[in-house]
Amino acid sequence: MDIKWEDISTMIIQYAGKIVLALVVLMIGFRVAKMIAGLVEKGLEKKGLDASVRPFLSALISVLLKAAIVISALGVLGVETTAFAAVLGAMGLAIGMALSGNLQNFAGGVLILIFRPIKVGEFIEAQGHSGTVHEISIFQTILLTPDNKTIIIPNGALSNGSIVNYSRQPKRRVDLSFGIGYEDDPELAMATIKEVIARHDKVLNDPAEPFVRLSELADSSVNFAVRIWVMKEDYWDVHFFMLEEVKRAFVEKDISIPFPQSDIHLHQVDSSEASA
């Protein structure tokens, strides 16, 4: 088949304008996409979003914008973009299904870093584990237990489950229970517990004064509920102080600390009754 120069020149003239316009769309579009991605990253930085997430989100937005610009440029050239967009959508769906677990963890990491239910250095309980938050990455959160074990929790499960944050509030309440024998004086026991509380300078009177009341008449003991407010960093100091000093004070004042026990009664049966 002979191709005439006139036909080639006609095609060049016909498509030259479209090619130039497509190139202009690409050049201007890519610059705009870069500018928008930069503005997004700066906006996320002002909102205090974690530094490990900002570049990823801005890069993701940039890629999506550039893909849209390329499709628009192809449309300017006269290429049918409907099928092209459908192929991209199918590829995206296939990739999403293959990486569904990782995508869930990624989404969970973004939610954790945006809403900040936990922060590095806080002591939490989640997914059956407890420990201090050591690191929050985009896919997983790392905890360090008090005995220095490392626990890695996927962010998808962490963001969808309940979290107990022991460090978020500045004050915590120490809840204790002490038991005495039924033969001991409850008034003396309550006064003794209050004396021990008064000896610790880290005990607070706000949001409530120390509470000591008889709470239960149990099977083997008379139990007292003790509630003391402290600063969160003083929780364990006051907790162990109360256990040690109340035990010592009870011994000094001859107040018994009972243990579970049962009374067994034996009845002698007459031999004649047993044979009958």
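Rules behind the numbers
- Residues numbered from 1 in each chain as written.
- Predicted model: local features only at pLDDT ≥ 70, side-chain atom pairs only at ≥ 80, totals over all residues.
- Heavy atoms only, no water.
- Salt bridge = Lys/Arg side-chain N within 4 Å of Asp/Glu carboxyl O.
- Buried < 20%, exposed > 50% of the residue type's maximum accessible area, 1.4 Å probe, protein only.
- Helix = DSSP H or I, 4+ residues; strand = E, 2+ residues; numbered from the N terminus.
- Patch = residues over 30% accessible without salt bridge, like charges linked within 9 Å, V, L, I, M, F, W, Y side chains within 5 Å.
- Areas by Shrake-Rupley, 256 points an atom, 1.4 Å probe, with all protein chains shown as cover.
- Pairing = 2+ DSSP bridges.
- Polar contact = N/O pair within 3.5 Å; in protein donor to acceptor, adjacent residues only side chain to side chain.
- Axes fitted to C-alpha atoms, helices over the stretch in contact; angles between N-to-C directions.
- Parallel < 35°, antiparallel > 145°, perpendicular 65-115°, else oblique.
- Left-handed = near helix turned anticlockwise from the far one by under 90°.
- Contact = heavy atoms within 4.5 Å.
- Nonpolar A, V, L, I, M, F, W, Y, C, P; charged D, E, K, R; others polar.

Just checking my understanding: could you explain the pattern of salt bridges for this structure?
Oppositely charged side chains can pair when the atoms bearing their charge come close. The tally for this structure, following the rule as stated, stands at 8 salt bridges. The shortest N-O distance in the salt bridge between D147 and K149 comes to 3.7 Å. Classification of K149 as exposed rests on a relative accessible area of 53%. For E245, the salt bridge is made with R248, and the minimal N-O distance between the two is 2.5 Å. Here E245 and its partner R248 are both found in helix α7 (residues 235-252), 3 residues apart, which amounts to about one turn of the helix.

Explanation requested: a nonpolar patch on the surface in the structure shown.
A grouping of V20, L21, V24, M27, I28, V32, M35, I36 and L39 is seen on the molecular surface, where their side chains present a nonpolar patch of about 810 Å² in accessible area. Within the secondary structure layout, M27 lies in helix α1 (residues 5-46).

Even after reading the chapter, I still don't get the pairing of strand β8 (residues 222-231), so can you show me in this structure?
For a regular strand, side chains alternate in direction, first toward one face of the sheet and then toward the other. Most of β8 is tucked away, with 7 of its 10 residues classed as buried. Here strand β6 (residues 171-180) runs beside β8; their pairing, made up of 10 bridges, is antiparallel. Bridge pairing in β8 places F178 opposite F224. Note: strand β7 (residues 211-217) against β8, 6 bridges, orientation antiparallel. Looking at the pairing, L214 lines up with F224 of β8. Between β7 and the antiparallel strand that follows it, β8, lie 4 residues.

Before we go on, may I ask you to explain the environment of D206 in this structure?
Relative to the assigned elements, D206 resides in the loop between α6 (186-198) and β7. Its relative accessible area of 46% is what places D206 among the partly exposed residues. The spacing of D206 and K171 is 35 residues in sequence and 9.3 Å in space, taken between C-alpha atoms. Side-chain polar atoms of D206 contact the side chain of K171, separated by 2.9 Å.

Is there a simple way to think about the packing of α6 against α7 in this case?
Where α6 contacts α7, the axes come no closer than 10 Å and their chain directions differ by 135 degrees. In this view, α6 runs oblique relative to α7, as classed from their interaxial angle. As α6 packs across α7, the resulting crossing turns out to be right-handed. In this structure, α6 contributes A189, T192, I193, V196 and I197 to the contact, and α7 contributes F241, M242, E245, V246, A249 and F250. Across the contact of α6 with α7, the residue classes tally to 9 nonpolar, 1 polar and 1 charged.

Looking at this model, I keep getting lost on the sheet that holds strand β2 (residues 129-136). Mind explaining?
Within a sheet, neighbouring strands are paired by backbone hydrogen bonds and run either parallel or antiparallel to one another. Spatially, β4-β3-β2-β1-β5 is the arrangement adopted by the 5 strands of the open sheet, whose pairing is antiparallel. Two strands bound the open sheet, and with one partner strand each, they are β4 (150-154) and β5 (163-165). For this sheet, the mean angle separating the axes of adjacent strands, direction not counted, is 40 degrees. In the sheet, strand β3 (residues 140-144) pairs with β4 via 5 bridges, with the strands oriented antiparallel. By the bridge assignment for β4, T141 is matched with I153.

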